[in-house]
Amino acid sequence: MRVTVIDYKAGNLTSVVKALRHLGAEPEVTDGDLPLVERAERIVLPGVGHFAATERLDATGLTGAIRAAIARGVPFLGICVGMQWLYAGSSEAPQQPGLGHFTEACTRFPECEEKVPHVGWNSLEVRDGSRLLAGIEQGAHVYFTHSYRAPVSGDTAAVTSYIEPFAAAVERGNVMGVQFHPEKSGTTGLKILGNFLAWQPKEAAC
Amino acid sequence: MLTKRIIACLDVHGGRVVKGVQFVDLVDAGDPATQAARHAREGADEIVLLDITATHEGRQTLLDTVRRTARELFVPFCVGGGIRTADDAEQVFDAGADKVSVNSAALANPALIDAIGRSFGAQAVVVAIDARRDPEAADAVRDAQVFVQGGRKPAGRRVVEWAREAEARGAGEILLTSMDADGTRAGFDCELTAAVSAAVNIPVIASGGAGRVEHFVDVFGRGKADAALAASIFHFGVSSARSLKEDLTRAGVSVRLPC
């Protein structure tokens, strides 16, 4: 199965590509090949680093191509900053809009006794009905490394608490996102990536 | 709840895992890829591979080792040893590492931290600090000194100040090794770890001195460590990440138990 992995030059994609390959997918990486995105069967938008780096998606025309692919029903998974990009924006780079698929905005963890960034393995409170997290046990641990996060809303598929509850995963129709790194989250993470690869768009109509 | 991390450390020399006390009397402890996979399976939260060869000829061997080790590893993987430039770091990332650890090269050229962070993100830069208390100083902990060359040569920097500078330059984590405690199996330097952890807002990984479960309980409590490194405690089947974590759970420390 072909998976189009979007490269916007914000960190290294080796781990994501390796995990997808391990699961039997054929990842193809692009940093601006629009026809490739137009015929994509499945899209993964990884991401580490600064939200401002997503500006490159606008500059290369990838934002429009991804928006069209999503409208066509192509399964889409955003990871870390790739999930945050699905929202209206982030206070990390207020001038840079996100895709706006989810209307909320991402903000930094509040200043307090706890350290920011949130780094390490934390537990998931999985909400009923999530297809991305099907079969994942309540309390399963996944690996996070981030300072900004999305608020809990009706589209939240899993909640994690650090300082306060935030959206660890989001899911609506064919669009999904995870704040954690499934490619670095051991067998739990591989199962989540496997769920994404196995998910068939036609189920959305049911 | 955010758990405390147990990080398995593999010292690698010429493509093999080795263990010695303070880098002498090295004993062969197996193949890095096999060892890393075993630790991950048994519940290690992260793998650190430290190349102690760090010679020019050894670089290609190291990259091959990193590539082989990363292939079937799906937990965070950090590589250190001999990374002197952003290009060195890039080669290690391309081979499959998620993070690099820099030590003496960052002391010699602190801008290296900024450069790697800019290209790969702060989460990818671990600054390793080899520390010794200064018994002559008024406050042996506050005035603890940074050392280079395996703990033999003072770098002329105070540990807490260097940790703060590393954070300001964009380090994502501090790997703090107590050269006083390293290899003793008598416990971590909790006072020093707590001092560094209080001084920065990024995670501090405690290293050096692990021998018993109580040492980990202590460094996560009193030492305010976010993670702890264990090397010799895991070798030769002495203890596994699984049994360590089961004991830590019983002691009330929040850890991720392996499936």
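Residues numbered from 1 in each chain as written. Chains lettered and ligands numbered in written order. Predicted model: local features only at pLDDT ≥ 70, side-chain atom pairs only at ≥ 80, totals over all residues.

## Comments concerning the interface of chain B and chain A
When the parts come together, some accessible area is lost, and that loss is often what is quoted as the size of the interface.
Here is step 1: Taken together, the contact between chain B and chain A spans 25 residues of the former and 28 residues of the latter.
Here is step 2: Each residue belonging to the side of chain B that touches chain A can be placed in one class, and the counts come to 13 nonpolar, five polar and seven charged. (Contact = placed C-beta atoms within 7 Å. Nonpolar A, V, L, I, M, F, W, Y, C, P; charged D, E, K, R; others polar.)

## Re the nonpolar core
Here is step 1: Core analysis: the largest hydrophobic core is formed by 149 residues, its most contacted members being I47, V100, V127, I174, I205 and A228 of chain B.
Here is step 2: Look past the residues within four positions of I47 of chain B in its chain and what remains in contact with it is A8, L10, A36, H39, A40, L73, V75 and F77 of chain B. (Core = buried A, V, L, I, M, F, W, Y, C linked by C-beta atoms within 7 Å. Buried ≥ 20, exposed ≤ 12 C-beta atoms within 10 Å, placed from the backbone.)

## Quick look at the sheet that holds strand β3 (residues 43-45) of chain A
Residue and element names in this part refer to chain A.
Here is step 1: Pairing is mixed in the open sheet, where eight strands are placed in the order β2-β1-β3-β4-β13-β12-β11-β8. The sheet is open, and its two edges are formed by β2 (26-30) and β8 (125-126), each paired on a single side.
Here is step 2: Bridge analysis of strand β1 (residues 2-6) against β2 gives five bridges, and the strand direction is parallel. Paired with I6 across the two strands is T30, which belongs to β2. (Pairing = 2+ DSSP bridges. Helix = DSSP H or I, 4+ residues; strand = E, 2+ residues; numbered from the N terminus.)

## Overview of the packing of helix α6 (residues 159-168) of chain B against helix α7 (residues 190-199) of chain B
Residue and element names in this part refer to chain B.
Here is step 1: The contact between α6 and α7 brings their axes to 9 Å, and the two run at 35°. Between α6 and α7 the crossing geometry is right-handed. Within the contact between the two elements, α6 uses V159, V160, A163 and R164 and α7 uses L192, A195, V196 and A199.
Here is step 2: Residues belonging to the contact of α6 with α7 are distributed by class as follows: seven nonpolar, no polar and one charged. (Axes fitted to C-alpha atoms, helices over the stretch in contact; angles between N-to-C directions. Left-handed = near helix turned anticlockwise from the far one by under 90°.)

## Overview of the sheet that holds strand β10 (residues 148-149) of chain A
Residues and elements named next belong to chain A.
Here is step 1: With respect to topology, three strands assemble into an open sheet ordered β5-β6-β10, the strand pairing being mixed. Whereas interior strands pair on both sides, the edge strands pair on one side only; in this sheet they are β5 (89-90) and β10.
Here is step 2: Examined bridge by bridge, β5 and strand β6 (residues 105-108) share two bridges and lie parallel to one another. Residue G89 lies in a different strand from β6, and its bridge partner there is A105.

## Some points on the pairing of strand β4 (residues 76-79) of chain A
Residues and elements named next belong to chain A.
Here is step 1: Of the two faces of β4, both are covered, the one formed by F76 and G78 as well as the one formed by L77 and I79.
Here is step 2: Inspection of the sheet shows β3 paired to β4 by three bridges, in the parallel sense. What sits directly across from I43, in β4, is F76.
Here is step 3: Note: β4 against strand β13 (residues 175-178), four bridges, orientation parallel. Paired with I79 across the two strands is V178, which belongs to β13.

## Quick notes on unusual backbone geometry
Most peptide bonds take the trans configuration, and most residues that are not glycine carry a negative phi.
Here is step 1: The residue after V116 of chain A, namely P117 of chain A, is reached through a cis peptide bond having omega 15°.
Here is step 2: Position of P117 of chain A among the secondary structure elements: in the loop between β6 and β7 (118-123).
Here is step 3: One non-glycine residue with positive phi stands out, namely I163 of chain A, at about 70°.
Here is step 4: Residue placement: I163 of chain A occurs in the loop between β11 (156-162) and β12 (164-172).
Here is step 5: In this structure I163 of chain A comes out as partly exposed when scored by C-beta crowding, with 16 C-beta atoms within 10 Å.
Here is step 6: In this structure, K224 of chain B takes a positive phi of about 55° despite not being glycine.

## Quick word on the environment of R67 of chain B
Residue and element names in this part refer to chain B.
Here is step 1: Structurally, R67 is set in helix α2 (residues 58-71).
Here is step 2: A residue is classified by how many C-beta atoms lie within 10 Å of it, and R67, with 16 of them, is partly exposed.
Here is step 3: Separated by 29 residues in the primary sequence, R67 and G96 place their C-alpha atoms 5.9 Å from one another.
Here is step 4: Apart from the residues within four sequence positions on either side, R67 is in contact with A95 and G96.

## Digging into helix α3 (residues 86-94) of chain B
Here is step 1: Of all the residues in α3 of chain B, the buried ones are A89, V92 and F93 of chain B. Axial view of α3 of chain B: buried residues confined to an arc of 100°, hence all on one face.
Here is step 2: Where the residues of α3 of chain B are buried, they touch α1 (14-22) of chain A together with α2, β5 (77-80), β6 (99-102) and α5 (111-120) of chain B.
Here is step 3: At the C-terminal side of α3 of chain B, G96 of chain B shows a positive phi close to 125°. (Arc of directions from axis to C-beta.)

## Here's the deal with the environment of F166 of chain A
Residue and element names in this part refer to chain A.
Here is step 1: By secondary structure assignment, the location of F166 is in strand β12.
Here is step 2: Linking F166 and S130, residues 36 residues apart in sequence, is a C-alpha distance of 16 Å.
Here is step 3: Sequence-distant contacts of F166, that is, excluding residues within four places in its chain, are made with R149, A150, P151, V152 and T160.

## Description of the packing of helix α8 (residues 213-221) of chain B against helix α9 (residues 241-250) of chain B
Residue and element names in this part refer to chain B.
Here is step 1: With their axes 10 Å apart at the nearest point, α8 and α9 run at an angle of 55° to one another. Overall, the two elements α8 and α9 adopt an arrangement that is oblique. In this structure, α8 meets α9 at a crossing whose hand is right-handed. On α9, the residues that touch V213, F216 and V217 of α8 are L244, D247 and L248. (Parallel < 35°, antiparallel > 145°, perpendicular 65-115°, else oblique.)

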